[in-house]
Amino acid sequence: YTVALLFLDLDRFKIINDTLGHNVGDKLLIEVSSRIKSVLRQSDMLARMGGDEFVVVLESAKNKSSAGFVCEKILEIVKQPVKIDNFKLNTSASIGVAMFPSDGDDMQTLIKNADTAMYYAKKQGKDTFEYYDEKLSEDVHDQLVIEQALKQAIQKNELYLNYQAQYDLNTKKTKSFEALVRWNNDKLGFVSPATFIPIAEDTGLIVPIGEFIFKKACEDFMKLKQIDTTLEYIAINISSIQFRSADFLNNIKTIIEEIGIKPSQIELELTERYIMDFGEDSIKLLNELKSLGFKMSIDDFGTGYSSMSYLSKLPVETIKIDKAFIDYIPKNNNNLQITKAIIALSKSLGYRTVAEGIEYPEQEDVLSDLGCDIGQGYFYARPQSFEDIKNSLIL
């Protein structure tokens, strides 16, 4: 006798709720629960755990495969567009599956393990389902250890910045630097940003970390600018969580006034997939930042699902071509053609282009010939500490 417990969480629900209001959010939850119920049998149970989380109990699930079949049906029906009031909304779900008795012999353990599997499904890119196994519990434990250490990282001075030069592909002169956060913990050692940034975003710790990065990068840039007056700006990555925090604008205004840096000397980098999720309030904030003089850049361009017509309405001026497309140029013709198209489209819309991940002279030559404006990568300069960059500028 087996039972499957599915733990379901709606993707991007918070964005819809925050930008369109709780009334629209509530109607979306009612519609989604009705849709889920429509693909279940009478013997199955559906319950809302709270917020945008649901639990489904499949009493007669013979095995994992039959539970997976139900997950596929739920995912398919949830992602169909929903019309609420005057809005056409798109959402999707992430589902974790735990089986009784193999993954737990009481309800509390099953829910905990299905929840763990659901978080793993979210990490895989959302709109998918994952089965629980013990390895996931180990991963969650590791994540909790990192999370606890990260809470103390700023106070303990464990976070620091490296800077990678961005240079003019024609003159080969450094125009700017991108600030890159690093973390070295006394017990965990060096923790990769690819590991700790997603955890910081999940927990909200990215907000104080983002403020630390912004302030430190601005301070360091002003010191470097005194040595090399030709430097134009500092590029700083902004997380969508940080961008949507209530005090974001006031905080960065306070920091720039305190440091005496001009907004035009700061380029805010936002990733493409987040820009495409922005509601009206976020676009209003982007316009406000632009009117203050900040430069705006779309990072990781080409990896998301952007439409150029939508991008043309956004107050950005720089497109950063993702490293994945720069790799293996010029040998890989597909990458070459995609990069060529991005540069041509960007130019037609009046955007500057930055190519990141340049590692070989052949790549640099091709990008320069294609009309790309700015380069960044190991071929020109690796990320360096502030002290190393300062010393090289003095020399």
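Asks: Lay out the pattern of salt bridges with the relevant residues and their values.
Replies: For the coordinates displayed, the defined rule picks out 21 salt bridges. Salt-bridge contacts for E359 lead to K323; the nearest nitrogen and oxygen are separated by 3.7 Å. Taken together, the positions of E359 in the loop between β15 (352-356) and α15 (361-370) and K323 in helix α13 (residues 323-326) put the pair 36 residues apart, joining distant regions of the chain. Accessibility expressed as a relative area gives 32% for K323, which makes it partly exposed. As a salt-bridge pair, K347 and D373 come within 3.8 Å of each other at their nearest N and O atoms.

Asks: Would you mind going over the packing of helix α1 (residues 13-20) against helix α2 (residues 22-38) in detail, with residue names and values included?
Replies: Viewed as axis vectors pointing N to C, α1 and α2 meet at an angle of 140°, and their least axial separation amounts to 6 Å. Relative to α2, the element α1 lies oblique. Seen from α1, the contacting residues are F13, I16, N17 and L20; seen from α2, they are H22, V24, G25, L28 and L29. A class-by-class count of the residues in the contact of α1 with α2 yields 6 nonpolar, 3 polar and no charged.

Asks: Any details on α15? Residues and values, ideally.
Replies: Taken together, the buried positions of α15 are occupied by Q363, E364, V366 and L367. The buried side chains of α15 occupy one side of the element, clustering within an arc of 165° when seen end-on. Elements that come into contact with the buried residues of α15 comprise β8 (159-168), α13, α14 (333-348) and β15. Of the residues flanking the end of α15, it is G371, one or two places downstream, whose phi is positive at about 95°.

Asks: Would you mind going over the environment of D127 in detail, with residue names and values included?
Replies: Position of D127 among the secondary structure elements: in the loop between α4 (107-123) and β7 (128-131). Each C-alpha atom, one on D127 and one on L292, is 38 Å from the other, the two residues being 165 residues apart in sequence. Polar side-chain contacts of D127 include one of 3.3 Å to the side chain of K79.

Asks: A description of a negative patch on the surface should follow, citing residues and the corresponding values.
Replies: A grouping of D133, E134, E138 and D142 is seen on the molecular surface, where their side chains present a negatively charged patch. Checked against the element boundaries, E134 lands in helix α5 (residues 134-151). Assessed through its relative accessible area of 62%, E134 is described here as exposed.

Asks: Lay out the sheet that holds strand β3 (residues 53-58) with the relevant residues and their values.
Replies: Taken in spatial order, the 5 strands line up as β2-β3-β1-β6-β7 in an open sheet, and their pairing is mixed. Sheet topology places β2 (45-50) and β7 at the edges, where each strand pairs with a single neighbour. Geometrically, the sheet is characterised by an average inter-axis angle of 20° between neighbouring strands, direction not taken into account. Contacting β1 (3-11), β2 and β3, α2 crosses the sheet at an angle of about 155° to β2.

Asks: Tell me what's going on with the pairing of strand β13 (residues 295-301), and back it up with residues and numbers.
Replies: On a regular strand, each side chain points to the face opposite its neighbour's, so the side chains alternate between the two faces of the sheet. Burial runs high along β13: 6 of the 7 residues are buried. Across 5 bridges, the pairing between strand β12 (residues 266-271) and β13 is parallel. Bridge pairing in β13 links E269 to S297. Relative to strand β14 (residues 318-321), β13 runs parallel, the two sharing 3 bridges. Across the sheet, residue I298 finds its bridge partner in β14, namely I319.

Asks: I'd love a proper account of the packing of aromatic side chains, names of residues and values included.
Replies: Any pair of aromatic rings gets described here by the distance separating the centres and the angle formed by the planes. Scanning the model with the defined rule gives 4 aromatic pairs in all. Summarising the aromatic geometry, the rings of F129 and Y131 are spaced 5.6 Å apart at their centres and angled 85° between planes, so their arrangement reads as edge-to-face. Ring geometry for F243 against F248: centres 5.5 Å apart, planes inclined by 50°, an arrangement best described as tilted. Note on F243: relative accessible area 2%, which makes it buried. Residue classification places F248 among the buried positions, given a relative accessible area of 3%.

Asks: Provide a residue-level description of the pairing of β1, including the pertinent values.
Replies: Counting buried positions along β1 gives 9 out of 9 residues, so the element sits mostly inside the fold. Side-chain alternation along β1 places V3, L5, F7, D9 and D11 on one buried face and A4, L6, L8 and L10 on a second face that is also buried. In the sheet, β1 pairs with strand β6 (residues 92-100) via 9 bridges, with the strands oriented antiparallel. Across the sheet, the residue bridging to D11 is S92, located in β6. Pairing geometry for β1 and β3, over 6 bridges, is antiparallel.

Quick notes on the rules
Residues numbered from 1 in each chain as written. Predicted model: local features only at pLDDT ≥ 70, side-chain atom pairs only at ≥ 80, totals over all residues. Heavy atoms only, no water. Salt bridge = Lys/Arg side-chain N within 4 Å of Asp/Glu carboxyl O. Helix = DSSP H or I, 4+ residues; strand = E, 2+ residues; numbered from the N terminus. Buried < 20%, exposed > 50% of the residue type's maximum accessible area, 1.4 Å probe, protein only. Axes fitted to C-alpha atoms, helices over the stretch in contact; angles between N-to-C directions. Parallel < 35°, antiparallel > 145°, perpendicular 65-115°, else oblique. Contact = heavy atoms within 4.5 Å. Nonpolar A, V, L, I, M, F, W, Y, C, P; charged D, E, K, R; others polar. Arc of directions from axis to C-beta. Polar contact = N/O pair within 3.5 Å; in protein donor to acceptor, adjacent residues only side chain to side chain. Patch = residues over 30% accessible without salt bridge, like charges linked within 9 Å, V, L, I, M, F, W, Y side chains within 5 Å. Areas by Shrake-Rupley, 256 points an atom, 1.4 Å probe, with all protein chains shown as cover. Lys, Arg positive; Asp, Glu negative; His and termini not counted. Charge placed at Lys NZ, Arg CZ, Asp CG, Glu CD. Pairing = 2+ DSSP bridges. Phe/Tyr/Trp six-rings, centres within 6.5 Å; stacked < 30°, edge-to-face > 60°.

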